[in-house]
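As a plain string of letters, each chain reads:
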Amino acid sequence: MRASSSARGVAVVAALVAAVAVLPLLVVIPSALSTGASGALDYLLRPRVGRLLTHTGMLVVVTVPAAIVLGTLAAWLVERTALPLAGLWRALLLAPLAVPAFVSAYAWVSVAPWMTGFGGAALVTTLAYYPFVFLPVAALLRALDPGDEEVARSLGLSPAAAVVRTVLPRLRPALSGGALLVTLHLLAEYGVLEMMRFQTFTTAIMQQYAVGFSDTAGSLLASVLLVLCLLALALELLARGRRRVARVGAGAQQRAVPAALGAWTVPALLFLAVLVTLSLAVPVGTVARWLARADLTGLAGQPVGGLLRVTLATLVLAVLGALAATAAALPGAWLLARHRSGMSLTLERLTYLSSALPGVVVGLALVTLAVGWARPVYQTVGLVVIAYAILFLPRAMVSLRAGLAAAPPELSEAARSLGLRGPATLVRVVLPLVAPSVLTGTVLVALAVGTELTATLLLAPTGTDTLALAFWRQAGELNYAAAAPYAAMMIVLSVPLTLLLRRQILEER
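Residues numbered from 1 in each chain as written. Predicted model: local features only at pLDDT ≥ 70, side-chain atom pairs only at ≥ 80, totals over all residues. Heavy atoms only, no water.

Draft legend 1. The overall build of the protein chain, seen in detail. A count of helices and strands for the protein chain gives 24 helices and zero strands. Scaling as 2.2 N^0.38, a compact globule of 509 residues should have a C-alpha radius of gyration of about 23 Å, and the protein chain matches this with 23 Å. Taking the principal axes of the C-alpha coordinates as reference, the protein chain spans close to 65 × 55 × 50 Å. In the protein chain, 85% of the contacts between residues at least 6 apart in sequence involve partners at least 24 apart. (Helix = DSSP H or I, 4+ residues; strand = E, 2+ residues; numbered from the N terminus. Rg over C-alpha atoms; globule rule 2.2 N^0.38 Å. Contact = heavy atoms within 4.5 Å.)

Draft legend 2. Broad picture of a nonpolar patch on the surface. There is a patch of nonpolar side chains on the surface, built from L312, V316, L320 and V381 and spanning about 310 Å² of accessible area. If you tally residues by element for the nonpolar patch, the top one is helix α16 (residues 304-338), at three residues. Position of V316 relative to the elements: it lies in helix α16. The exposure class of V316 is partly exposed, given its relative accessible area of 41%. (Patch = residues over 30% accessible without salt bridge, like charges linked within 9 Å, V, L, I, M, F, W, Y side chains within 5 Å. Areas by Shrake-Rupley, 256 points an atom, 1.4 Å probe, with all protein chains shown as cover. Salt bridge = Lys/Arg side-chain N within 4 Å of Asp/Glu carboxyl O. Buried < 20%, exposed > 50% of the residue type's maximum accessible area, 1.4 Å probe, protein only.)

Draft legend 3. Region of the structure containing helix α17 (residues 342-353). Taking 1.5 Å as the rise per residue, α17 with 12 residues should run 16 Å; its terminal C-alpha atoms sit 17 Å apart, in good agreement. Listed as buried for α17 are S344, L345, L347, E348, R349, T351, Y352 and L353. (Expected span 1.5 Å × (residues − 1).)

Draft legend 4. The arrangement of the packing of helix α4 (residues 47-80) against helix α11 (residues 172-188) in detail. Contact geometry of α4 with α11 gives a least axis separation of 10 Å together with a crossing angle of 145 degrees. As α4 packs across α11, the resulting crossing turns out to be right-handed. Here T56, L59, V60, T63, V64, A67, I68 and T72 of α4 come into contact with α11, specifically with L175, A179, V182, T183, L186 and L187. In the contact of α4 with α11, the residues fall into 10 nonpolar, four polar and no charged. (Axes fitted to C-alpha atoms, helices over the stretch in contact; angles between N-to-C directions. Left-handed = near helix turned anticlockwise from the far one by under 90°. Nonpolar A, V, L, I, M, F, W, Y, C, P; charged D, E, K, R; others polar.)

Draft legend 5. Quick peek at the environment of L275. Looking at the secondary structure, you find L275 in helix α15 (residues 265-294). Between the alpha carbons of L275 and A122 there is a distance of 14 Å; along the sequence they are 153 residues apart. In this structure L275 touches L70, A74, L93, L127 and Y130, once residues within four positions along its chain are discounted.

Draft legend 6. Looking closely at the environment of G463. Within the secondary structure, G463 sits in the loop between α22 (454-459) and α23 (467-476). Along the backbone, G463 and V20 are 443 residues apart, and their C-alpha atoms lie at a distance of 27 Å.

Draft legend 7. Quick peek at the packing of aromatic side chains. Taken as a whole, this structure holds six aromatic pairs when the rule is applied. Ring centres 6.0 Å apart and planes at 85 degrees place the aromatic pair F102 and W472 in the edge-to-face group. Here F102 is found in helix α6 (residues 101-111), whereas its partner W472 is found in helix α23, with 370 residues between them in sequence. The exposure class assigned to F102 is buried, which follows from its relative accessible area of 5%. Under the relative-accessibility criterion, W472 is labelled partly exposed at 21%. Between Y190 and W472, the ring centres sit 5.9 Å apart and the planes meet at 50 degrees, which makes this aromatic pair tilted. Of the two residues, Y190 is situated in the loop between α11 and α12 (191-195) and W472 in helix α23; the sequence distance between them amounts to 282 residues. One aromatic cluster is present, formed by F102, Y106, Y190, F471 and W472 through successive ring pairs. (Phe/Tyr/Trp six-rings, centres within 6.5 Å; stacked < 30°, edge-to-face > 60°.)

Written out as structure tokens, the structure reads:
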């Protein structure tokens, strides 16, 4: 079947987005190859690089499965059981998204200074990232028609077997997408690992740039992260599968009947209470405690006007970055959902590569390209917004991809058969169906932009300060009281965005 003119136009736009997304690789890869094959092998085969690879692998192997188990179990309890106060638990389980991961690390280090190294890093990243699995799984569980599950039970399968045979296969897009997001965040994470004093490729790359001033060594380490990212993308592709999620047929879609927990009610509530306490109460309580002390010490040197100015700058950058990333993700996600081919899959995969790089690598690459080829854009808001779009495109892509997978393509075909052209079909049929996913992607990107550190430091216009930069500056000097107002403001700004995500789950039908 020949592609329509609309599909070709979307493919061109998706190709342009992919080209922009891989711009940092045009600097990183040549820099890594500048030493020659023998020089690169001599550097990469050192014991230190093997130790970094082991540390990064340990973190991924422990954190990703833990996030999948916690996120899926919590989503199941909230959406498919008669859990008391399910609405409240849904909000509390999403709330860790409102707390930046490095703020959680700062809280845990101040509460338990001994909890550093691998154990602390794995605990904090798991608690900070499990909502990336909980959110898509909960939304999909709420949207899935229970008809197949009921048929399986009527044929003699036990409730557990019916879930394994009919529900889990349809959760694969949500599970694989959430796991991919967690993996990419682990590969690029810097703040948490620096506070937990756990060396990975990201912290080593920062040391190379900050202390060693070695672009080549940093690029060689970054090239290893790219290989790990390619491996994660291949595994996610295999895990996702191609099973259809959307439903079109006779009869109205039903809601699943919540299962009674019975004797498991108390253990379920205890599990959720411990999870919420560790992921939310500890960081928020610690920030509140330090904020109380800041009334006497920290705020004395920080005029409220300065805090408001930094907050406004953070808000503006978060909104611009979120809109740019979501708009950039839409063509590739639509092309993959409606015209799946080798080309559409390649374009989608390309948008993930640079997001596995630390922000400092992406920032320095864009600085190099801007100074060499487009000097007027250097240190402009436009350049930092492009960096945000490159770094956080996967958050929007995964959300849009899941939303388009659940939107029946037959409705678009019916609209075209009634005379609507491509753009009109997109506006009147497709976008209303995927609006919750668009909102989810936009919010997830805004939350990430509001807490981004290194790319902002390198690319933002002179004099621009953000809440994350101000917090990191004070926390780096162990001035917790002075850092607390910035951490508290980041949490306050994230709360309404998290409530929007909760509403998106409720409206997912």
